Each structure stands twice: as structure tokens, then as C-alpha cells.
Amino acid sequence: MMSFGKVLTAMVTPFDDDGLINYEQLEILINHLIDNGTDGLVVGGTTGESATLSIEEKAALYQQAVKIANGRVPIIAGTGMNDTYATAELTARAERVGVDGIMLVAPYYNKPSQKGLYEHFHTIAGKTSLPVMVYNVPGRTAVNILPETTIELAKIENIVSVKEASGNLDQITMIVANTPDDFSVYSGDDSLTLPALAVGADGVVSVSSHIIGNQIQQMITHYETGRVQNAAKLHQQLLPIMRGMFIAPSPSPVKTALNMQGIEVGGVRLPLVPLTSEERQTLNEILTLCDDL
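Residues numbered from 1 in each chain as written. Predicted model: local features only at pLDDT ≥ 70, side-chain atom pairs only at ≥ 80, totals over all residues. Heavy atoms only, no water.

Novice: Lay out the UniProt feature "site: Part of a proton relay during catalysis" (unreviewed entry) in the protein in plain terms, naming residues and giving numbers.
Specialist: Taking the numbering used here, the UniProt-annotated feature "site: Part of a proton relay during catalysis" (unreviewed entry) corresponds to Thr46 and Tyr109. Looking at the element boundaries, Thr46 is found in the loop between strand 2 (40–43) and helix 2 (55–69). For Thr46, a relative accessible area of 23% translates into the label partly exposed. Beyond its immediate stretch of four places on either side in the chain, Thr46 contacts Tyr135 and Arg140. Within the secondary structure, Tyr109 is located in the loop between strand 4 (101–105) and helix 4 (114–125). Judged by relative accessible area, which is 72%, Tyr109 ranks as exposed. In contact with Tyr109, not counting residues within four places along its chain, are Asn82 and Thr141. (UniProt positions renumbered as here; feature names shortened; annotations may be inferred. Helix = DSSP H or I, 4+ residues; strand = E, 2+ residues; numbered from the N terminus. Buried < 20%, exposed > 50% of the residue type's maximum accessible area, 1.4 Å probe, protein only. Contact = heavy atoms within 4.5 Å.)

The structure is reproduced here in C-alpha cells:
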């Protein structure tokens, strides 16, 4: 089974001044991330503002990301929607342009039962040969994929991974303990990366890796090589920066941080709004902590 890596970046989607996808800056961003600790890219996910990208924009974004990455890192397309059959169609388009895997968020707004969640993922997995990462983020979807459901899903051959953004370490522990060794479990919360590793997770799907990807890699390496105190110390230093990426609805803070660092990714689409001047000042102060790392 292929490995997606340890540090996956949930990549922002760069926009130009007219709010259209900026493919020139997409190339700059992808190269920046690959050069700074990213093992794999999740494209068109929550952080990529998938909720406000059209189907055509998503398909074009996947295609360009595959072309730019050129095999250097896996491209995981965020194809999940709250319509099972529309998700299957978008997944087929992603497969045709050569992505390496797909990430399927739990259907939002519908509030399906656990049986409905299982059938949703099972149906889509049966219509693609790509490896599938399930994405559990109850804070956004209003439904929690229970560990028992994820454990059952892990028995499906091409469902190979889960991004757990429930914030529940007990839930992560149960999934790790009851799924095959080659089923990968990722923290979906930056600040829980180290605790999740301690209960057996494989890595993180990260927002703050846009800014501190190398440092997150270093923290994971410290932990995996037995330098637990070093890992803990680095986690303590990184925590304010990780939290800073969420001082306002994501991805406004991380896009602002990238722009401040000269990676021009533009603004956000409504209903998200730019940071206030006070939030920008707070973020700028947080980013100065990077100088000491």
C-alpha cells in the first residue's frame, strides 16, 4: 500500500484579484510546500475552500496540481460532497487527471446515520480504484463518524486512511487499535499532532505546515527516534503558531500569513472575509515566533 507521508498539507487555493484561481501562484505555492516539509498535498479540501469552488474549478485544480507536482509528492483530491453520486462523479474526474488518492469528507448538512455514512463511503470506494482517505470533521459537518464505523470502513480494500479531526484522542486510539497496520490514521488538528502520534497515529493533515512544515517534520522525527523531550519542547514552541492559524475562520489566517511571507495566494471567497486590522496585527506578532525556531 502506498504511503501518503507523515506531513500532508491541506493546501489553500490561490486566487487572483478577481477571485479566480491563480495557477501561476499555484505553482509557486506547491514548490514552496514541497521544499519546506510537505510529503503530500490535499487539494480542494476545506482549507482549499472547496465549498465555494465549482465542479469545473475543482477538476482543473486537481489537473494542474498533478502537473506541477510531477510525481514529487502524492496529490490527494478532496472530492467529498454531501451528494453521494455527485461525489462519485467528481472522484471519477479526479482519477482521470491522475491524482494519487482522494479524500472524502463526511456528508455535511444531511446529518446521515452511521449506516448512511458507511453506505456513502462504501458506494464511492466501489466506483474508483484510487486509495481513499475518509475525513471526519464533526465541527464542520454536524456528524461524527464513530470509531466503529471507521473500523468497518477499513475492511474495504481501497479505504486506506482516515483524517480524524474530531479532536478526540480516545476515538483516534480506538481506530488505531482496531484497524490493520497498513491503515493510516492522521490527526486533522495541528495541535494534536504529537499526542496523536503517542497513541499510534501516522502523521498530520496540516494547515500550519504552510508556514512551519519543516518544524513539524522535525517534531515527528524527534518523536519517532525516541527524543520525546525534544519533540515535546518543539511542540510547545509551535503551539502558538498552530493556534494562530485559526484566530479567524480558516483559511483566512493562513492565507494572510502566506501573503505576509511573500507567497501571494490572494484573499478568500465569500462568505469568508479578510482578517480585521487587529487580527492581522495579532497574526504578525505570532509569525515573529517563527524567527526563533
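Novice: Hey, could you go over the nonpolar core for me, with residue numbers and the actual values?
Specialist: Of all hydrophobic cores here, the largest spans 76 residues; its most connected members are Val99, Phe121, Ile159, Ile211 and Met245. Formed by 14 residues, the second largest nonpolar core is a distinct cluster that contains Met103, Val105, Ala165 and Tyr186. (Core = buried A, V, L, I, M, F, W, Y, C linked by side-chain atoms within 4.5 Å.)

Novice: Residues and numbers for the environment of Thr193, please.
Specialist: Here Thr193 shows up in helix 8 (residues 193–198). Taking the C-alpha atoms as reference points, Thr193 and Val204, separated by 11 residues in sequence, lie 5.9 Å from one another. Beyond its immediate sequence surroundings of up to four residues, Thr193 is in contact with Ser187, Val204, Met219 and Ile220.

Novice: Give a description of the sheet that holds strand 4 that names residues and reports values.
Specialist: Strands sit in the order 1-2-3-4-5-6-7-8 around a closed barrel of 8 strands; the barrel is parallel. On average, each strand axis in the sheet is inclined to that of its neighbour by 25°, with strand direction left out of account. Pairing geometry for strand 1 (residues 7–10) and strand 2, over 3 bridges, is parallel. Along strand 2, the bridge assignment pairs Ala10 with Val42. Contacting strand 4, strand 5 (132–136) and strand 6 (159–164), helix 4 crosses the sheet at an angle of about 160° to strand 4. With respect to the sheet, helix 7 (residues 169–177) is in contact with strand 5, strand 6 and strand 7 (184–187), its orientation differing from that of strand 6 by roughly 165°. (Pairing = 2+ DSSP bridges. Axes fitted to C-alpha atoms, helices over the stretch in contact; angles between N-to-C directions.)

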